[in-house]
Amino acid sequence: MIVATFAGADGLALALRECEAARVGPIETYTPAPLPDAATGSPIPLIILCAGLLAAALSFGLQSYSSTVAYRFDIGGRPPLSWPSFIPTTFENAALVALVAGFVGFLAINRMPRLYDPIDEAEGMRRVSSDRWVLRISSDDSAVLERARALLMTLDPGLVEELPG
């Protein structure tokens, strides 16, 4: 694994473009802030929406089935499908399932919890949350790593490290 540290977002963005064009291997970036031209868009809102709608439909369906078919009971002369009384429970179930799905989706998308990664040993990772911009290239092929190292050295990084990975 090759780890290159840059002082700013512009250097990292240039290195990222060059490495992607050279196809040197799987690339990951670690940054204190989003890259300026990074594609935005997360599947988490869609996960939350789908989970909430599915939970609402299932909750309403279960209540409707239980009050009209499974356990029909006349309460105060109301019709069997008295849907206004189902709304609070339907909303609560939808909100609960959407929240849990959003949390689990966030963890899954970010591959968390990951208690240890070999990149944690890199010197550049010590300040990545404050002011360093780090690019990681992983490969099992030593020729690819040498090509990546040569390419990164032309881009003027602050520090280039090779770690076992």
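Details of the structure are given in the entry above.
Residues numbered from 1 in each chain as written. Predicted model: local features only at pLDDT ≥ 70, side-chain atom pairs only at ≥ 80, totals over all residues. Heavy atoms only, no water.

Description of helix α1 (residues 9–22)
Here comes step 1: Taking 1.5 Å as the rise per residue, α1 with 14 residues should run 20 Å; its terminal C-alpha atoms sit 20 Å apart, in good agreement.
Here comes step 2: Inspection of α1 places Ala9, Leu12, Ala13, Ala15, Leu16 and Cys19 among the buried residues, and these make up the whole buried set. The arc that holds every buried residue of α1, seen down its axis, measures 165°, which confines them to one face. For α1, the exposed residues lying more than 90 degrees away from the buried face are Asp10 and Ala21.
Here comes step 3: Lining the buried residues of α1 we find β1 (2–6), β2 (27–30), β3 (133–137) and α4 (142–154).
Here comes step 4: Arginine 23 sits one or two residues past α1 and shows a positive phi near 50°. (Helix = DSSP H or I, 4+ residues; strand = E, 2+ residues; numbered from the N terminus. Expected span 1.5 Å × (residues − 1). Buried < 20%, exposed > 50% of the residue type's maximum accessible area, 1.4 Å probe, protein only. Arc of directions from axis to C-beta. Contact = heavy atoms within 4.5 Å.)

Some words on the layout of surface pockets
Here comes step 1: As a volume, the largest pocket reaches approximately 250 Å³.
Here comes step 2: For the largest pocket, the full set of lining residues is Glu28, Thr29, Tyr30, Ile109, Asn110, Arg111, Met112 and Arg114.
Here comes step 3: Looking at side-chain class alone, the lining of the largest pocket contains three nonpolar, two polar and three charged residues.
Here comes step 4: There is about 180 Å³ of room inside the second largest pocket.
Here comes step 5: Residue lining of the second largest pocket: Ser67, Tyr71, Phe73, Ile75, Arg78, Pro79, Pro80, Ser82, Ser85 and Phe86, and that is the complete set.
Here comes step 6: The class makeup of the residues in the lining of the second largest pocket is six nonpolar, three polar and one charged. (1 Å grid on protein atoms, 1.4 Å probe; cavity = no way out; pocket = protein on both sides within 12 Å on 5 of 7 lines; lining within 4 Å. Points joined across faces, edges and corners; volume = space filled by probe spheres on them. Nonpolar A, V, L, I, M, F, W, Y, C, P; charged D, E, K, R; others polar.)

Keep in mind that these numbers describe shape and distance, not what the molecule does.
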